[in-house]
Amino acid sequence: MTVQLTRGAVEALFKGSHVDNPVLQLLNIREIQSATGPTRYRLMMSDGQHFLSSFLLATQLNHLAEKDILLPQCVCLLKKTTTSTLSDGRHVVVVVDMEVLKSAVEAGGKIGNPTQYSTDGKLSSATSAPASTSAAEVPGPSSTNGNRGWGTGYAGRGFTGKAPIKGSPMKTSPMKGSPMKTSPMKGSPMKTSPMKGTASSSDSIPNVIPIAALNPYTSKWTIRARVTNKSSIRNWSNSRGEGKLFSFEIVDESGEIKITAFNNEVDKYFSLVEQGKVYYISKATLKIANKQYTTLKNDYEITLHAHSSIVPCEDSQGIPTVQCDFVPIEELENRDKDAIIDIIGVCKSAEDVSRITTKSNREVSKRAINLIDTTGKEVTVTLWGEEAEKFDDSRQPVVAIKGARLSDFRGRSLSALFSSTIMVNPDIPEAFRLRAWYDREGHAVYSQSLTETMSVSIGSKTNWRTLSDVKSENMGHGEKAEYFSCVATVVYMRKENCLYQACPSADCNKKVIDQQNGFYRCEKCNREFPNFKYRLLLSANLADFGDNQWVTCFQETAEVLLGRKAEELGQLRETDEAEFDEVFQKVNFTTHIFKNRVKLETYNDESRVKVTVMEVLPVNHREYSRRLISNIHKLAR
């Protein structure tokens, strides 16, 4: 079946008119290489009626050309385009987002008999050879290495007029000798930006260009964009001196870019720039981005100077609040370590805030949250600093994070960076769809985490077993100890010898000997002390639906299980035996999650399996029920 091209789309796009998802055919593609900037690709597109070579591929789509997905005669759906105007009135259509509908093979050749679109004398007839261009017109160094079969000898095939660029680093336009100006457009107004006041004069009209069209060879430009992220003021010091800086990130419908201000410009602009507001920005310096300090998908960044202009824009229509390329959680397994990822999910659970000390001896707050999305997969994300402290998971919010770093720690996990943008319940379509899915069915889905659930004390991933599994599988009989987790009920505890008097030294827990003279001797320390500390060593019998098992709980786990400190229990045993007994009675027939270590030990030539409780946790009945349902489904297959 022959695909239907959108006739008239070439003319409409060239004039800056809006066309909903036009379908065009690629007739040719040319690579434009640069020694300083990213490679660009110039496209010759046809709508079956006309063709035109003034299409430029945005750099974020370069992979389509590099992977040979975008080949001559393939059919494309243009999802998003912007139009830029050069100083002499010529237009360039920047393709910001597109999809290949049919490959070149599937298309079966050129569709229709298109003729070259006439641009009011700017381009000559379709059969004339391209004119040569003087070296003076070229804005940068030239090279013929980037030609993909579409050069100065392309006569009679639709490319006429000025010669194509030979590897110029021009980012916005394939036309030589025509740097971008800020004069008003001579054609139709651009779809992306209504013409408001400029930075310098309230009655002049800026020629607003999209962020994706910025390049170092455009000396005058104005962009209209929204601030999506703003840093605090940071001080710096190195061999060249010291100073201060702050940065912010902006977005329009074509892309995003980072802007940095130093020293005097910090004082001038920091209070002016507000996150979420839209501004006209002009008269700043564009340079190659330092990828060490930015996670944005842009090859350039902006630096403000004394003559830069930032003017608030009241009209924010058409400017997105944020630009994210969300990666499904299940896809994280296929991404490289240290990749910068945009992620969105429902916060299924979150840990309490903890404090850690960094290598620079600075204390920071840390919180781990677990996100789930429609793929049914979970991942753990670590928040830091103020974001960790103020995060509220009480209503299981939708959380979107732009620019998180992917780690292979404990399987797959993410960490928010200083430059990351964290949004809770953002006002974007992806968040609404995710909220509806989770409320409807997602909350009941048995999910699988890409991050291993690990106990700090165990150091191993969760290995769920029943007590009967432990015996039937002969766990712990190997050379190394094994670990397992189980949901079990306490049926009996031996309280008679659960407490002992131990050495009061901080690093010694050995039992002391009462010297009957007011002193207590520790054989390990070879010292006598006037006091001692109580330690717990508790034996308990646990049971589940299939079996029971004697386990040992040392100080920390015994205190969690009994809900009392060892010192408190020691005092009760001496002063109020009834209350002491009541502590143990209350724990009987309570159910917990026990994380255990199991190992076959030999004592006096007798071997027996010893199970030690490493951690006691409360039962999350919702998660436990989901796991049981999942096990039932597996058994039913």
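Presented here is an overview of the structure given in this document. Note that the structure is predicted; figures quoted are calculated from it, not measured. (Residues numbered from 1 in each chain as written. Predicted model: local features only at pLDDT ≥ 70, side-chain atom pairs only at ≥ 80, totals over all residues. Heavy atoms only, no water.)

**Some words on the sheet that holds strand β27 (residues 527-529)**
Here comes step 1: Across the sheet, which stays open at both edges, the 3 strands sit in the order β25-β26-β27 with antiparallel pairing between neighbours. The sheet is open, and its two borders are formed by β25 (513-514) and β27, each paired with just one other strand.
Here comes step 2: Sheet topology note: the strand β26 (residues 520-522)/β27 ladder contains 3 bridges and is antiparallel. By the bridge assignment, tyrosine 520 is partnered in β27 with phenylalanine 529. (Pairing = 2+ DSSP bridges. Helix = DSSP H or I, 4+ residues; strand = E, 2+ residues; numbered from the N terminus.)

**Quick word on the pattern of salt bridges**
Here comes step 1: Tallied over the full model, the rule gives 20 salt bridges.
Here comes step 2: For glutamate 99, the salt bridge is made with lysine 79, and the minimal N-O distance between the two is 3.4 Å. Here the residue glutamate 99 occupies a position in strand β5 (residues 91-102), and lysine 79 occupies one in strand β4 (residues 75-85), the gap between them amounting to 20 residues.
Here comes step 3: Among the residues examined, glutamate 99 registers a relative accessible area of 35% and is labelled partly exposed. (Salt bridge = Lys/Arg side-chain N within 4 Å of Asp/Glu carboxyl O. Buried < 20%, exposed > 50% of the residue type's maximum accessible area, 1.4 Å probe, protein only.)

**Considerations on helix α10 (residues 577-587)**
Here comes step 1: Phe580, Val583, Phe584 and Val587 are the residues of α10 that are buried. Buried residues in α10, looked at end-on, bunch into an arc of 85 degrees, giving them a common side. Facing away from the buried surface of α10 by more than 90 degrees, the exposed residues are Ala578 and Lys586.
Here comes step 2: Phenylalanine 589 lies just past α10 and shows a positive phi near 65 degrees. (Arc of directions from axis to C-beta.)

**A few points about the environment of leucine 77**
Here comes step 1: Within the element layout of this structure, leucine 77 appears in strand β4.
Here comes step 2: Accessibility expressed as a relative area gives 15% for leucine 77, which makes it buried.
Here comes step 3: Counting along the chain gives 23 residues from leucine 77 to valine 100, while the straight-line C-alpha distance between them is 6.2 Å.
Here comes step 4: Among all residues touching leucine 77, those that are not within four sequence positions of it are Asn21, Pro22, Val23, Asp97, Met98, Glu99 and Leu101. (Contact = heavy atoms within 4.5 Å.)

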